[in-house]
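Each chain is listed here by its residues.
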Amino acid sequence: MKTKQFVVCLRNDGYQVSLERRKIYQVIPDPEAAKHRQVRVIDESGEGYLYPQNFFAPIELPQPIRRAVLAAV
């Protein structure tokens, strides 16, 4: 089983309703999107949408925080 990945939002230019800066988002693996420098995240709508990869930075969460984030979803 592949572990869930998370990113933190650095920019939201043009997507202020869908993305909050400094917020943690769960990544949905999408190899095709990655080829186009995009990342699919579960945004504020609760659905997975594509955004520019440079809007985010990947992060590693310590286990207790990881569990808390996953429980809050």
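Data block above holds the structure.
The structure presented is a predicted model; accordingly, all values stated were derived computationally and were not measured.

Chemist: What should I look at first to understand the sheet that holds strand β3 (residues 38-42) in this one?
Modeler: Within a sheet, neighbouring strands are paired by backbone hydrogen bonds and run either parallel or antiparallel to one another. Judged by pairing direction, the sheet is antiparallel, and its five strands sit side by side in the order β4-β3-β2-β1-β5 without closing on themselves. Of all strands in the sheet, those bounded by a partner on one side alone are β4 (48-52) and β5 (56-59). The average angle at which neighbouring strand axes cross in this sheet is 50°, direction not considered. Sheet analysis places strand β1 (residues 5-9) next to strand β2 (residues 24-28), joined by four bridges and oriented antiparallel. Pairing of Gln5 across the sheet is with Val27, part of β2.

Chemist: Hey, could you run me through the packing of aromatic side chains in this one?
Modeler: Each aromatic ring pair is characterised by the separation of its centres together with the angle its planes make. Under the defined criterion, the tally for this structure stands at four aromatic pairs. Among the aromatic side chains, those forming a connected cluster through ring pairs are Tyr15, Tyr25, Tyr51, Phe55 and Phe56.

Chemist: Hey, could you run me through the side chain of Arg66 in this one?
Modeler: Of note, Arg66 is situated in helix α2 (residues 63-72). Here Arg66 sits buried without a salt bridge, and the closest side chain of opposite charge, Glu60, lies 5.3 Å off (N-O distance). For Arg66, the contacting residues outside a window of four places in its chain are Thr3, Lys4, Phe6 and Leu61.

Chemist: Can you help me understand the environment of Gln53 in this one?
Modeler: By the secondary structure assignment, Gln53 is in the loop between β4 and β5. For the pair Gln53 and Gln26, spaced 27 residues apart in the sequence, the C-alpha separation amounts to 13 Å. With near-sequence residues (within four places) excluded, Gln53 lies in contact with Arg37, Gln38 and Val39.

Chemist: In this structure, what is going on with the pattern of salt bridges? I would like to understand it.
Modeler: For side chains of opposite charge, pairing can occur when their charged atoms come near one another. Counted by the stated rule, this structure contains four salt bridges. Asp13 is the salt-bridge partner of Arg11, the closest N and O atoms lying 2.6 Å from each other. Of the charged contacts, one joins Lys35 and Glu32 as a salt bridge, the two residues approaching to 3.4 Å between their closest N and O atoms. Taken together, the residues span about one helical turn, with Lys35 and Glu32 both in helix α1 (residues 31-35) at a distance of three residues.

Chemist: Can you walk me through unusual backbone geometry in this structure?
Modeler: Among all residues except glycine, the phi angle is most often negative; among peptide bonds, the trans geometry is most common. In this model, Arg22 sits at a positive phi of 75°, which is unusual for a non-glycine residue. Tracing the backbone through its elements, the reader meets Arg22 in the loop between β1 and β2. Taking relative accessible area as the criterion, Arg22 reaches 66% and is therefore assigned exposed. At Arg37, a position not held by glycine, the phi torsion is positive, near 55°. Its place among the elements puts Arg37 in the loop between α1 and β3.

Calculation notes
Residues numbered from 1 in each chain as written. Predicted model: local features only at pLDDT ≥ 70, side-chain atom pairs only at ≥ 80, totals over all residues. Heavy atoms only, no water. Pairing = 2+ DSSP bridges. Helix = DSSP H or I, 4+ residues; strand = E, 2+ residues; numbered from the N terminus. Axes fitted to C-alpha atoms, helices over the stretch in contact; angles between N-to-C directions. Phe/Tyr/Trp six-rings, centres within 6.5 Å; stacked < 30°, edge-to-face > 60°. Buried < 20%, exposed > 50% of the residue type's maximum accessible area, 1.4 Å probe, protein only. Lys, Arg positive; Asp, Glu negative; His and termini not counted. Salt bridge = Lys/Arg side-chain N within 4 Å of Asp/Glu carboxyl O. Contact = heavy atoms within 4.5 Å.

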